Amino acid sequence: ALALGDLEVRSSPAWSPDSRSLLFAARRLGRAQLYQQALEGGSPRLLASCAADIRAPHFSPDGRWVAFLCGYELFRMPWPATGEVPPVRVALGTWRALEVFPGLDGIVAVGFDASRSLVNLSTGAVSRLAPGPPLADPASLASFRSGVFW
């Protein structure tokens, strides 16, 4: 794990929509929490903590939300984060990963059974996606956007 001062970084960073800061999950004396690091310097700022380790921070495709997993539950908070609005659990379920694809109205949550669901971070609506080819393939993503895999 990468160390940043007294923080042990536990996740890949996510670039902010304005490319001025990074979000990452890091441990400081216990469980992993969500931090923001401004690229101009300074100390990392604590944005969120929860009862379990935070992991997989991502920005929504529209840049209005930060999504992350707390344990295996999906949470969101508005961006830019002011620290005044606590994270809100968005989607019940047991999620192992999050994926973001430009052009989608939400974030894709991946279950332990490899199922995928599209989660609208504004409304909390969850739409289970039918099995299909991996979404990383451009042709599959085009079909996904057109509704073939709904």
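Everything here concerns the structure above.
Each value, and the rule that gives it
- Residues numbered from 1 in each chain as written.
- Predicted model: local features only at pLDDT ≥ 70, side-chain atom pairs only at ≥ 80, totals over all residues.
- Heavy atoms only, no water.
- Core = buried A, V, L, I, M, F, W, Y, C linked by side-chain atoms within 4.5 Å.
- Buried < 20%, exposed > 50% of the residue type's maximum accessible area, 1.4 Å probe, protein only.
- Helix = DSSP H or I, 4+ residues; strand = E, 2+ residues; numbered from the N terminus.
- Contact = heavy atoms within 4.5 Å.
- Phe/Tyr/Trp six-rings, centres within 6.5 Å; stacked < 30°, edge-to-face > 60°.
- 1 Å grid on protein atoms, 1.4 Å probe; cavity = no way out; pocket = protein on both sides within 12 Å on 5 of 7 lines; lining within 4 Å.
- Points joined across faces, edges and corners; volume = space filled by probe spheres on them.
- Nonpolar A, V, L, I, M, F, W, Y, C, P; charged D, E, K, R; others polar.

Student: Which parts of the structure should I look at to understand the nonpolar core?
Tutor: Across soluble globular proteins, you tend to see nonpolar side chains buried next to one another. In this structure, Leu-23, Leu-34, Val-66, Phe-68 and Met-77 are the most contacted members of the largest nonpolar core, which totals 17 residues. Elements represented by at least two residues in this core include exactly strand S4 (21-27), strand S5 (32-38), strand S6 (45-48), strand S7 (54-59), strand S8 (65-70) and strand S9 (73-78). At three residues, S8 tops the list of elements feeding residues into this core. Not counting chain neighbours up to four residues away, the residues in contact with Met-77 comprise Leu-34, Leu-47, Ala-48, Arg-64, Trp-65, Val-66, Phe-68, Val-85 and Pro-87. Counting residues in each nonpolar core, the second largest holds 13 residues, with Leu-69, Ala-91, Trp-95 and Val-119 among its members.

Student: Quick question: what am I supposed to make of the packing of aromatic side chains here?
Tutor: Applying the stated rule across the entire model yields four aromatic pairs. A ring pair is formed by Phe-24 and Tyr-35, whose centres lie 6.0 Å apart and whose planes are at 20 degrees; its orientation type is stacked. Here Tyr-35 lies in strand S5 and Phe-24 lies in strand S4, a separation of eleven residues in the sequence. There is no split in this pair, since Phe-24 and Tyr-35 are both buried. On the numbers, 5.0 Å between centres and 75 degrees between planes, the contact of Tyr-72 with Phe-112 is edge-to-face.

Student: Would you explain empty space enclosed by the protein in this entry?
Tutor: Any space left empty among the atoms is revealed by the rolling of a water-sized probe across them. Scanning all chains against the criterion turns up one cavity of 30 Å³ or more. As a volume, the largest cavity reaches approximately 40 Å³. Classifying every residue of the lining of the largest cavity gives three nonpolar, four polar and two charged.

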